[in-house]
Amino acid sequence: MSGTAVPRIPLLVDCDPGIDDALALLYLAGSPEADLRAVTCTGGNVEARQVAANAQAILALAGRPEVEVALGREGPIARPLVTTPETHGPQGIGDATLPEPRTPLSLRGGPELIVEEARRHPGALTLVTLAPLTNLAVAIALEPRLPWLLRRVVTMAGAFRGDGNTHPTTEWNATVDPEAFAEVLAAFAPERAPAGTPPPPRPVIVPLEVTESHHLVAADVEWIATLAGGGDDPVTRFIRDALAFYFRFHAEYDGFHGAYIHDALAVAAALDPGLISTTPLTVDVETAGRLTSGETVADRRGRWGRPPNADVAVRADTATFHDRLLARLATVAREQRGSAA
Ligand code: RIB
Ligand code: CA
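Since we're looking at a predicted model, the values are computed, not measured.

A. Spotlight on the pattern of salt bridges. This structure, assessed with the given rule, holds 19 salt bridges. A salt bridge links Glu-191 to Arg-306, with the shortest nitrogen-to-oxygen separation between them at 3.7 Å. Placement of Glu-191 in the loop between α8 (178–187) and β6 (204–206) and of Arg-306 in the loop between β9 (296–298) and β10 (310–316) is noted, with a sequence separation of 115 residues between them.

B. Quick peek at the site of ligand 1. The full set close to ligand 1 counts 13 residues, and Asp-20, Asp-21, Asn-165, Glu-171 and Asp-263 are the nearest of them. The contact in question runs from an oxygen atom of ligand 1 to an N or O atom on the side chain of Asp-263, over 2.7 Å. In this structure, ligand 1 is accommodated by the largest pocket. Secondary-structure elements contributing two or more residues to the shell around ligand 1 are α1 (19–29), α7 (172–176) and α12 (262–271).

C. Local environment of the pairing of strand β1 (residues 9–15). In terms of burial, β1 is a largely internal element, seven of the seven residues being buried. Burial of the side chains of β1 extends over both faces: Ile-9, Leu-11, Val-13 and Cys-15 are buried on one face and Pro-10, Leu-12 and Asp-14 on the other. For β1 and strand β2 (residues 34–41), the ladder comprises seven bridges, and the chain directions are parallel. Residue pairing in the sheet places Asp-14 in a bridge with Thr-40 of β2. Remark: the β1/α1/β2 crossover connection has right-handed handedness.

D. Highlighting the nonpolar core. Counting residues in hydrophobic clusters, the biggest one holds 74 residues, and the most contacted among them are Leu-26, Val-39, Phe-238, Ile-239 and Leu-243. For Val-39, the residues in contact, after removing those within four places along its chain, are Val-13, Cys-15, Leu-25, Ala-55, Leu-59, Val-67, Glu-68, Val-69 and Ala-70. Counting 34 residues, the second-largest nonpolar core is a separate cluster that includes Leu-125, Val-153, Phe-181 and Val-285.

E. Looking closely at the environment of Val-6. Relative to the helices and strands, Val-6 is located in the segment before β1. Separated by 19 residues in the primary sequence, Val-6 and Leu-25 have C-alpha atoms spaced 19 Å apart.

F. Examining the coordination of the calcium ion (ligand 2) more closely. At this site the calcium ion (ligand 2) is bound by Asp-16 (OD), Asp-21 (OD), Asp-21 (OD), Leu-130 (O) and Asp-263 (OD), with donor distances of 2.2 to 2.6 Å. Binding-site remark: the calcium ion (ligand 2) is held by donors from one chain whose sequence spacing is D-x4-D-x108-L-x132-D. Here Asp-21 is found in helix α1, whereas its partner Asp-263 is found in helix α12, with 242 residues between them in sequence. Asp-263 matches Asp-21 in its accessibility class, with the two residues each being buried.

Conventions adopted
- Residues numbered from 1 in each chain as written.
- Chains lettered and ligands numbered in written order.
- Predicted model: local features only at pLDDT ≥ 70, side-chain atom pairs only at ≥ 80, totals over all residues.
- Heavy atoms only, no water.
- Salt bridge = Lys/Arg side-chain N within 4 Å of Asp/Glu carboxyl O.
- Helix = DSSP H or I, 4+ residues; strand = E, 2+ residues; numbered from the N terminus.
- Near = heavy atom within 4 Å.
- Polar contact = N/O pair within 3.5 Å; in protein donor to acceptor, adjacent residues only side chain to side chain.
- 1 Å grid on protein atoms, 1.4 Å probe; cavity = no way out; pocket = protein on both sides within 12 Å on 5 of 7 lines; lining within 4 Å.
- Sits in = over half its atoms within 2 Å of the grid points.
- Buried < 20%, exposed > 50% of the residue type's maximum accessible area, 1.4 Å probe, protein only.
- Pairing = 2+ DSSP bridges.
- Right-handed = clockwise from strand over helix to strand, strands pointing away.
- Core = buried A, V, L, I, M, F, W, Y, C linked by side-chain atoms within 4.5 Å.
- Contact = heavy atoms within 4.5 Å.
- Donors = N, O, S within 2.8 Å, 3.2 Å for Na, K, Ca; no water.

Written out as structure tokens, the structure is:
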């Protein structure tokens, strides 16, 4: 058949499904340019083993049961795990149910998988983190060259402007494991590069104020159903049931009828950096604050005398993202209409 092949982007995804993580995985399944190599899991929205079972079940629902899913570290590197069943439901997928996974988890641990794949494919892989940064911090401790071995890191984490969604000024992923985020940012600091070694590519941070500049509403779910050929398919049923819980959460806690799909914007930006505008910033994470633990701090005026260690998104093309999100979720739903899930 004629037509130019879409260049594919090899990805690793670290996640904690979680409803928006689930839609991010479905977005990737509906993206021809996404070459999803593996998924790693950590505790966050719900406990790690539930996260891993959800990731396996969501990939099977999307027709991607062959994607390797690895269980990573179950909790933060230096503090107890806190989960948020009130946000994502007791099993992390809202009102939805999914069949038990039929494939075994990877024999590799999450951080070990990230390190092995980066060593095997130096400079080729984009790692997208959609969860507390525990697995990435452990991976960097295992392999300090990781910032140079990965092509790019894109992380949904942090909040620099406006209110937080966890503490008053903090975002969830950064707050669950602030020590991990701080260690990751330190590893990318240009001044930490070995003598004679150029700095690694700066990680792209997609913070809360950018992911909250877009939301889905109930009518969008019905539009996905229409695009998918009616909506009586397992993927649309999952989206409808998962978002039904998530809409109730946002109505109660955020006072609007809709839902922020944070993680889908991060994976969309990893596939198409043109969706976001970024600015280089020197960033660190508060780990000891009684009121502010997990706060991401940007030194915009050079007080610390350190060069930028991250590219922080400041805005997103939410109209283009919205259209792509609906279209790609509908693509997966249409493709899986005949499946038994
Ligand atoms: O603050 C939003 C982030 O925290 C998202 O990744 C969501 O899934 C939760 O993990
Ligand atoms: Ca997440």
